[in-house]
Amino acid sequence: MDKLLQIASGFMEAKVLLAGAELGVFDHLGHDGATAAEVAHAIDGDPRGTEILLDALVATEVLRKESGHYHNLPEFEHFLLVDGPAHFLGLLRHRNRMFRTWAILEDRITGKQPVEPRPEILDDPQTNANFIQAMYAGGMRQAPAVVDHLDLKDVRTVADLGGGPGHYLAEIARRSPSIEPYLIDLPLTLGVARRILARTEVFVRLRFVEWDFYRESEPPPLPPFDLVLISAVLHAESPERNRDLLRRVFPLVAPGGRIVVQENMVEGDRTRPKDAALFAINMLTATPGGRAYTETEIRGWGEEAGFRFEGCERLSPRSSLLTLRK
Ligand SMILES: C[S@@+](CC[C@H](N)C(=O)[O-])C[C@H]1O[C@@H](n2cnc3c(N)ncnc32)[C@H](O)[C@@H]1O
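Chains are numbered independently. Their residues run from 1 in the order of the written sequence. Only residues with pLDDT of 70 or above have their local features reported here, since the model is predicted, and side-chain atom pairs are shown and tallied only from 80 upward, although totals for entire chains, interfaces and linings are computed over all residues.

## Details of the nonpolar core
Only buried residues count toward a nonpolar core: Ala, Val, Leu, Ile, Met, Phe, Trp, Tyr and Cys, linked into one set through C-beta atoms within 7 Å. Whether a residue is buried, exposed or partly exposed follows from its count of other C-beta atoms within 10 Å of its own C-beta, namely 20 or more, 12 or fewer, or something in between, respectively; the C-beta atoms are built from the backbone. Among the nonpolar cores identified, the biggest contains 78 residues, and Leu161, Val228 and Ile259 are the most heavily contacted of them. Each helix is a run of DSSP H or I of at least 4 residues and each strand a run of E of at least 2, with the numbering of both proceeding from the N terminus. If one sorts the elements of this core by residue count, helix α8 (residues 125–139) sits on top with 7 residues. Counting the residues that make up this core, at least three belong to each of domain 1 (2–85) and domain 2 (133–325). Distance between backbone-placed C-beta atoms decides contact: two residues are in contact if it is within 7 Å. Excluding residues within four positions of it along the chain, Ile259 makes contact with Val228, Ile230, Val249, Val253, Phe307 and Leu324. Note that the domain bounds were set by an automatic or database domain assignment.

Rendered as C-alpha cells:
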C-alpha cells in the first residue's frame with residue numbers, strides 16, 4: 001500500500017513547483033526576499049493563496065523563509081528566473097501544460113475529450129517558446145554525449161530535421177568547422193531557435209530552413225545530406241505518417257549517407273524502460289497518433305523507405321540512436 005500511496009501523491013510536490021513557475025513568483029523575490037503580500041501584489045494574486053503556495057515551496061525546499069520573507073535558494077535561482085540562461089523556466093511551464101493534459105488522461109482514453117488534430121505547441125507562440133526552451137533545457141546537457149556517438153568523418157552536409165532549439169546541430173557544427181549545418185523546422189520554432197542559438201559561436205554558420213515536413217510533401221531546395229538527424233520527432237506522429245516521412249526523406253540523403261533517429265524507445269513488450277512507457281502516456285494525452293515506438297518499428301519504416309539498418313544503441317533509458325544507411 002505504501003508504494004501505491006507514494007505513487008498517488010507524486011503530483012502534489014510537482015504541482016506546487018509548476019504553479020510557482022507558471023505564476024513567475026521566483027522573479028519577484030529579488031535579492032532581499034519578499035513577503036507573501038508583496039508577491040501577491042506583483043503577480044496580481046490572492047494574498048491567502050499566494051502565502052499558502054509560498055509556504056509549500058518552502059516545505060518542499062525550493063524556497064527559504066526567514067522573518068516572513070521568502071528567498072530563492074542560490075542553487076535554484078539560476079533555473080527559476082524568467083530570463084535564466086538555462087531556459088529551465090520554459091521547461092517547467094511546458095511541464096505545467098503537460099500536467100493539465102495528463103489530468104484528463106482517462107477522458108483521452110474513453111474519447112470524451114479527444115486531442116486537437118494540430119497541437120497548439122506548434123502554433124501558439126508562447127506555448128511553442130516554452131516547448132522549445134524545454135527541449136533545450138532538457139537536451140543541451142546530453143548533446144555532447146549524443147554527438148560523441150555520431151561518426152562525423154566524411155560528413156560535409158548535415159540536416160537536423162525537426163531540430164527544435166538546434167542544440168545537437170550546434171554541437172556538431174562546433175566539432176566540425178567544415179560541416180554545413182541545416183536546421184529544418186517550422187517557422188515559429190525556428191524563431192525561438194534563432195534567439196537561443198544567437199549566443200553561440202556557430203550561429204553564423206547555421207542555415208535555417210522552414211519545412212512542415214509532415215504536411216508539405218515537397219521540401220524546399222536542399223543539398224544532398226551525408227547525415228540527417230531525426231531526434232525526438234517520430235514519437236509525436238502515427239506509424240503511417242512516420243513511414244511516409246522516412247520515404248520522403250530518402251531522396252534527401254546522399255548515396256552512402258545515413259539518417260540517425262534518436263528516440264525514447266520502448267522494448268518489444270512496451271513496458272520498459274519506465275521512462276519510455278510513461279513518455280508514451282505523454283504522447284497519448286497530447287497527440288492524436290503518437291506513442292513511444294520500438295526499435296523494430298522504426299527500423300521497419302526505414303527499410304520500407306529503402307534504407308539499410310545499421311544498428312541501434314541505447315545511450316540511456318531515454319535515448320536510443322538508430323542508424324539507417326542509404
Ligand atoms: C520534441 S521536439 C524535438 C526537438 C529536437 N530535435 C530534440 O531532440 O530536442 C520536436 C520538433 O519537431 C518539430 N516539428 C514537429 N512537427 C513538425 C513538422 N510537421 N514540420 C517540421 N517540424 C516539425 C517541432 O517544431 C519541434 O522542434
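## Observations concerning the domain arrangement of the protein chain
Split by domain assignment, the protein chain resolves into domain 1 (2–85) and domain 2 (133–325). Centre-to-centre, using C-alpha coordinates, domain 1 lies 35 Å away from domain 2.

## A word on helix α5 (residues 88–102)
A helix is expected to span 1.5 Å for every residue after the first. The end-to-end C-alpha distance of α5, which contains 15 residues, comes to 21 Å, matching closely the 21 Å that a straight helix rising 1.5 Å per residue would cover. Within α5, the full set of buried residues consists of Phe88, Leu89, Gly90, Leu91, Leu92, Arg93 and His94. Summarising the contacts, the buried residues of α5 are in contact with α1 (2–23), α4 (74–80) and α8.

## Topic: the pairing of strand β7 (residues 253–263)
Judged by how many residues are buried, β7 sits mostly within the fold: 8 of 11 residues are covered. One ladder, built from 6 bridges, connects strand β6 (residues 225–231) with β7; its direction is parallel. Its bridge partner lying in β7, Leu229 is registered against Val260. Orienting the strands away from the viewer, one traces the path from the first strand over the helix to the second; a clockwise path indicates a right-handed crossover. Handedness of the crossover is the feature at issue here: the chain leaves β6, passes through helix α12 (residues 239–249), returns alongside β7, and the resulting connection is right-handed. One bridge is not enough; two strands pair if DSSP finds at least two bridges between them. Where β7 lies against strand β9 (residues 319–325), 6 bridges are found, and the strand directions are antiparallel. Bridging from a neighbouring strand, Val260 pairs with Thr323 of β9.

## Considerations on the packing of α8 against helix α11 (residues 187–197)
Close contact between α8 and α11 brings their axes to 9 Å; oriented N to C, the two are set at 50°. Classified by the interaxial angle, the pair formed by α8 and α11 is oblique. Note that α8 runs across α11; the crossing there is right-handed. In contact with Pro125, Asn128, Ala129, Ile132 and Tyr136 of α8, α11 contributes Leu188, Thr189, Val192, Ala193 and Ile196. In this count, Pro and Cys sit with the nonpolar residues alongside Ala, Val, Leu, Ile, Met, Phe, Trp and Tyr, while Asp, Glu, Lys and Arg are called charged and the others, Gly among them, polar. Of the residues contributing to the contact of α8 with α11, the split by class is 8 nonpolar, 2 polar and no charged. Whenever a helix is involved, its axis is fitted only over the stretch in contact; in every case the axis is a line through C-alpha atoms, and angles between N-to-C directions fall within 0 to 180 degrees. Oblique is the label for any angle not covered by the other classes, which are roughly parallel (under 35 degrees), roughly antiparallel (over 145) and roughly perpendicular (65 to 115). By definition, any crossing whose near helix is turned counterclockwise from its far helix by less than a right angle is left-handed, and any crossing with a clockwise turn is right-handed.

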